[in-house]
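Remarks on the overall topology
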Amino acid sequence: MSLSLSQSRLHHIDLLRGIIIIFMVIDHGMYYYLNYSVTDPMTIPGTDALTFFTRFISHFCAPLFVFLAGLSAAITEHKYACTRQFANALIVRGLVLILFEFTIVSWSWSFNPLFPMLYAQVIWAIGWGFVVLGLLRLIGIYPVFIAGLILVFGHNLLDGITFESNTIAHTLWSIVHQKNVLALPFGFSIRTTYPVAPIVGLMCLAYYAGVYYKSQHYSKKVMNYAFILGMSCLALYSILRGFNLYGDMSQFSTHTVPLLTIMSFLNPTKYPLSLQFMLLTVGLGLIALKLLSHLKASFSQNFLQVLGKTSMFSYLTHLYLLHAISWLLIPALGFNFSDMTYGETLVGLPSGYGMSYIATMAMIAVVVVLTALLAKRYLNWKYRNKNSLIAKYI
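Note that this is a predicted model, so its numbers are computed, not measured. (Residues numbered from 1 in each chain as written. Predicted model: local features only at pLDDT ≥ 70, side-chain atom pairs only at ≥ 80, totals over all residues. Heavy atoms only, no water.)

1. What to know about the overall build of the protein chain
Scanning the protein chain from terminus to terminus reveals 15 helices and three strands. Each principal axis of the C-alpha atoms in the protein chain carries an extent, and together these give about 60 × 55 × 45 Å. Looking at the 394 residues of the protein chain, the share that counts as buried comes to 54%. Across the protein chain, every contact between residues at least 6 apart in sequence was considered, and the portion connecting residues at least 24 apart equals 74%. Within the structure as shown, the protein chain displays about 17,500 Å² of accessible surface, and the carbon and sulfur contribution to it stands at 68%. Within the protein chain, the 11 negative side-chain charges are centred at a point lying 21 Å from the centre of the 23 positive side-chain charges. (Helix = DSSP H or I, 4+ residues; strand = E, 2+ residues; numbered from the N terminus. Buried < 20%, exposed > 50% of the residue type's maximum accessible area, 1.4 Å probe, protein only. Contact = heavy atoms within 4.5 Å. Areas by Shrake-Rupley, 256 points an atom, 1.4 Å probe, with all protein chains shown as cover. Lys, Arg positive; Asp, Glu negative; His and termini not counted. Charge placed at Lys NZ, Arg CZ, Asp CG, Glu CD.)

Take a look at the structure:
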């Protein structure tokens, strides 16, 4: 959702969004180009340090995307005539995002509308976040806050619960809490990569934070509170993670090599977002918002702020660019197009396809620049066509 206040006051939100877009290109670029793959959580030991820390920065993408979506929802609420209109707009936006996930987002990964596996990823989860936020907002602001607290801090209490496959309970649980693959009609299936419960909770808390920020007229004092809250999140993370108390199914362990101990400490579960994962990433995100608020409103107006103001467009654009360029590189890397696994695997690249770390980072830099250039052109178009459906939802 776009901001309606002057960028001189809230430019730090767009700056953080822009940074997240770059982190996202790095994450997805590693998937497309790097000759080395990792799991989530990453295997420690078993993942080299350079790959680990490059992958680590991508962890901030999903939770901060969700957080800023909830924050911006609160900031833009005054544009609507009444609470019901605002709630309806959130619900419609959420349903549109869910539709996007299984169409233009999925197609960017497979280049194949008939690919049999659908992936319910971050756009789907944000969509459900908007739907549930809209429904809760009809009840009141405090129910939003309470639901957020319960879901964020309580969902890991349910980690041990499972249901028998091919039951309604298993299907619902896979959507809400546990990552699974579900069968669909006509030979399709869906992987619930991002179960929605923690993401809905995070969006609710972010919305409530936005309501408070707005009530305080976006004062610098609130940014000081954000910094304190961010540090508190990191402190709580350190306690929960360091003593393996609660909030993540993966366990922290010490190693004889100090670097491996640090890597294990920074390796919470991403799918689904665990409490520890959210404390770490959102905590650092809140600190980053405070630091970015000190920058001038003109800072990186033609780069980071452009990416931030066009986050949905930039998200879609970088996915299509990464995939298209990966196909164009097939002969350059010594493969033939006949070696492709199109229709059999998600991205269709030949077995063994991949480049070195340096080459991968170079290609990622190219995609970041191209995305920013296209986003700038789109932003200019969007300003001229504010009432179009494309401008409204992308």
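And the narrative resumes.
2. What about the packing of helix H3 (residues 61-75) against helix H11 (residues 275-292)?
Contact pair H3 / H11: the axes reach a minimum separation of 9 Å and the direction vectors enclose 60 degrees. On the basis of the axis angle, H3 is oblique to H11. For H3 against H11, the interelement crossing comes out right-handed. Contact with H3, carried on its side by Pro-63, Leu-64, Phe-67 and Leu-68, involves Phe-277, Thr-281, Val-282, Gly-285, Leu-286 and Leu-289 of H11 and no other residues of that element. Its residues assigned to classes, the contact of H3 with H11 comprises eight nonpolar, two polar and no charged. (Axes fitted to C-alpha atoms, helices over the stretch in contact; angles between N-to-C directions. Parallel < 35°, antiparallel > 145°, perpendicular 65-115°, else oblique. Left-handed = near helix turned anticlockwise from the far one by under 90°. Nonpolar A, V, L, I, M, F, W, Y, C, P; charged D, E, K, R; others polar.)

3. Considerations on the confidence of the model for the protein chain
For the protein chain, mean pLDDT is 95; residues scoring 70 or higher make up 98% of the total. Scored below 50 in pLDDT, residues 1-8 shows 29 contacts in the model against residues more than four places distant or in partner chains. (pLDDT = per-residue confidence, 0-100.)

4. Side note on helix H10 (residues 258-265)
For H10, the complete set of buried residues consists of Leu-260, Thr-261, Met-263 and Ser-264. The buried residues of H10 occupy an angular sector of 160 degrees when the element is viewed end-on, so they sit on one face. Buried residues along H10 sit in contact with helix H2 (49-58) and helix H9 (220-242). (Arc of directions from axis to C-beta.)

5. A closer look at unusual backbone geometry
For the peptide bond that leads from Ile-44 to Pro-45, omega is -10 degrees, which places it in the cis range. Structurally, the position occupied by Pro-45 is in the loop between helix H1 (7-33) and H2. In this model, Tyr-271 is joined to Pro-272 through a cis peptide bond whose omega is -5 degrees. Backbone geometry places Tyr-218, a non-glycine residue, at a positive phi of 55 degrees. Among the residues examined, Tyr-218 registers a relative accessible area of 13% and is labelled buried.

6. Quick look at the pattern of salt bridges
The full count for this structure, using the stated rule, is five salt bridges. Between Arg-137 and Glu-77 there is a salt bridge; the shortest N-O distance is 3.1 Å. Here the residue Arg-137 occupies a position in helix H5 (residues 122-139), and Glu-77 occupies one in the loop between H3 and helix H4 (83-110), the gap between them amounting to 60 residues. Pair check on accessibility: Arg-137 and Glu-77 agree, each one buried. Here the salt bridges do not stand alone but share partners, grouping Asp-27, Asp-40, Arg-55 and Lys-270 into one network. (Salt bridge = Lys/Arg side-chain N within 4 Å of Asp/Glu carboxyl O.)

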